Amino acid sequence: MSFDISVFYSLKISEAVELLITETTRNTWIVMALLLILALYVRIKSRSWDPMKKPTGFQNFIEMCVDGWEKFYRDSANDTVAYLAPWFFTLVVFIAMSNLIGITGLRPPTADWGMTFPLALSSFFVMVFVGLRHRPKDYLKGIFLEPVFVFAPLNLIGELAKPIALSFRLFGNLVGGMILVSLLYAIPYMFVIPVPIHLYFDIASGILQAVIFTVLSVIFAGTAAE
Amino acid sequence: MQNPLAFVIAISHIAAAIALLNGLLVPLGQGNVAANAVAAIGRQPEAKGTITTTMFIGCGLAETSGVYGLLVAMILIFVNPLLSRYAPQFIEAGAQVGAAILPFLG
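Residues numbered from 1 in each chain as written. Chains lettered and ligands numbered in written order. Predicted model: local features only at pLDDT ≥ 70, side-chain atom pairs only at ≥ 80, totals over all residues. Heavy atoms only, no water.

**Topic: the overall build of chain A**
Helix and strand counts for chain A come out as seven helices and two strands. Reported as C-alpha extents along the three principal axes, the dimensions of chain A are approximately 65 × 60 × 40 Å. Here chain A, with 226 residues, has 38% of them falling under the buried criterion. Contacts in chain A between residues far apart in sequence, at least 24 positions, make up 65% of those at least 6 positions apart. Working note: accessible area of chain A is about 13,200 Å², and carbon and sulfur atoms make up 71% of it. With 16 positive and 16 negative side-chain charges, chain A shows a spacing of 6 Å between the two charge centroids. (Helix = DSSP H or I, 4+ residues; strand = E, 2+ residues; numbered from the N terminus. Buried < 20%, exposed > 50% of the residue type's maximum accessible area, 1.4 Å probe, protein only. Contact = heavy atoms within 4.5 Å. Areas by Shrake-Rupley, 256 points an atom, 1.4 Å probe, with all protein chains shown as cover. Lys, Arg positive; Asp, Glu negative; His and termini not counted. Charge placed at Lys NZ, Arg CZ, Asp CG, Glu CD.)

**Remarks on the interface of chain B and chain A**
Between chain B and chain A, the residue contacts involve 17 residues of the former and 21 residues of the latter. Where chain B abuts chain A, roughly 1,600 Å² becomes buried across the two surfaces, and 82% of that area is made up of carbon and sulfur atoms. Contact with chain A buries area across many residues of chain B, yet Ile 57, Leu 71 and Phe 104 of chain B alone supply 28% of it, more than any other trio. Our enumeration of links across chain B and chain A arrives at zero salt bridges. In this structure, the connection of chain B to chain A is made through three residue pairs in polar contact (both at pLDDT 80 or more). Of all the elements in the fold, those that place two or more residues in the side of chain B that touches chain A are α3 (48–62), α4 (64–78) and α5 (87–105) of chain B. (Buried area = accessible area lost by both parts, 1.4 Å probe. Salt bridge = Lys/Arg side-chain N within 4 Å of Asp/Glu carboxyl O. Polar contact = N/O pair within 3.5 Å; in protein donor to acceptor, adjacent residues only side chain to side chain.)

**Section: the nonpolar core**
Judged by nonpolar contacts, the single largest core of 46 residues is most densely connected at Tyr 73, Val 81, Leu 84, Phe 88, Ile 95, Leu 119 and Phe 213 of chain A. Mapped onto this core, the elements with two or more residues apiece are α1 (23–46), α2 (57–76), α3 (85–100), α4 (113–134), α5 (136–144), α6 (152–185) and α7 (195–225) of chain A together with α4 of chain B. If we skip the residues at most four places from it in the chain, Leu 119 of chain A touches Leu 91, Phe 94, Ile 95, Thr 110 and Phe 213 of chain A. Ala 37, Ala 40, Ile 51 and Cys 59 of chain B belong to the second largest nonpolar core, which has five residues in total. (Core = buried A, V, L, I, M, F, W, Y, C linked by side-chain atoms within 4.5 Å.)

**As for the side chain of Thr 214 of chain A**
All names here are of chain A. Structurally, Thr 214 is set in helix α7. Here Thr 214 falls in the buried class, since its relative accessible area comes to 0%. Excluding residues within four positions of it along the chain, Thr 214 makes contact with Trp 69, Phe 88, Leu 91 and Val 92.

**Overview of the confidence of the model for chain B**
Mean pLDDT over chain B stands at 83; residues scoring 70 or higher make up 93%. Confidence, read as mean pLDDT per element, is least for α5 of chain B in chain B (74) and greatest for helix α2 (residues 26–43) of chain B (93). (pLDDT = per-residue confidence, 0-100.)

**Remarks on α4 of chain B**
Given a rise of 1.5 Å per residue, 15 residues ought to cover 21 Å, and the 21 Å separating the end C-alpha atoms of α4 of chain B matches this to within 8%. Every buried residue of α4 of chain B is accounted for by Thr 64, Gly 66, Val 67, Tyr 68, Gly 69, Leu 71, Ala 73, Met 74 and Leu 76 of chain B. In this structure, the buried side of α4 of chain B is in contact with α6 of chain A together with α1 (4–20), α2 and α3 of chain B. (Expected span 1.5 Å × (residues − 1).)

**Notes on the packing of aromatic side chains**
Residues and elements named next belong to chain A. Evaluation of the coordinates by the stated rule reveals 10 aromatic pairs over all chains. Arranged with centres 6.3 Å apart and planes meeting at 35 degrees, the rings of Trp 69 and Tyr 73 form a pair that is tilted. Of the two residues, Trp 69 and Tyr 73 both sit in helix α2, four residues apart, roughly one turn of that helix. In this structure Trp 69 comes out as buried when scored by relative accessible area, which is 9%. Exposure remark for Tyr 73: the relative accessible area of 3% places this residue in the buried category. When the centroid spacing of 5.9 Å and the interplanar angle of 50 degrees are considered together, the rings of Phe 124 and Phe 125 count as tilted. In textbook terms, an aromatic cluster arises when at least three aromatic residues are bridged by ring pairs, as seen for Trp 69, Phe 72, Tyr 73, Phe 88 and Phe 89. The ring of Tyr 83 carries Arg 133 above its face, with NZ or CZ at 4.9 Å from the centroid. Positioned above the aromatic ring of Phe 220 is the side chain of Lys 162, whose terminal nitrogen or guanidinium carbon lies 4.9 Å from the ring centre. (Phe/Tyr/Trp six-rings, centres within 6.5 Å; stacked < 30°, edge-to-face > 60°. Lys NZ or Arg CZ within 6 Å of the ring centre and 35° of its normal.)

The structure is reproduced here in structure tokens:
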């Protein structure tokens, strides 16, 4: 049994650079297509929604999601970064959808460090952007001159360790769950679908890890802005 | 030692098992988080929602070190850097980078 990511197509650009179309790429496109269809559906449906009437059914669900996230975000972040709520909502929805796609038997795109590291890197860039935007002097001073300038390399490594730790956390959880589930399926004469295992590793752990990733990004951005 | 490669592979697998041993302490931390959350809910039942959310996030964070152990074990088993032809450079660079980064990861 192999846990490698299968490569469908590889395009050689030069001796060292190779462009790979892997399982992760395909599954990411599937996730993106699902989210895009959902977004278009909501957009088209929302034309007929009357804000003066009581929301029902699907509209209620969508409003619950958005409202719940706004409330949760206001609780965990400070007001300086309130305008970033839609970005973090996108992040949590994308990661949760990527993790949940493991139920269908596809490999979750987040079970690939090449996927989680760019996500963590985007959080890192948001953090730096927020820090430079709201208090440029204090932020740079906090990195390069705290407590004295000799500690600048240590502070820099501490900052750079944040996206690495963030991406390893998500990646490790997803790969661990994936390996455990596929080991269960590799047991000979295993005719039962291990529903509780799927329930925990795909649904509960997947959504939880998406929320943890996003909340940590929110906290990083919030501390950079204050 | 007849076959150095077999020796390296065997030692790598033992090292993977040792790396997974830090999973011994993770449940302790998670249990601590859950116990304190239960105590907090007992004291303040009206704050149940906030406490539950915070507890889940705390549990996920406490899981982190166990996940790092799992990652080290997986690297040692599936993509063992000691077996590649760049092994000497890997060991040297890894020792330096590890010594620099490790204190900050926690």
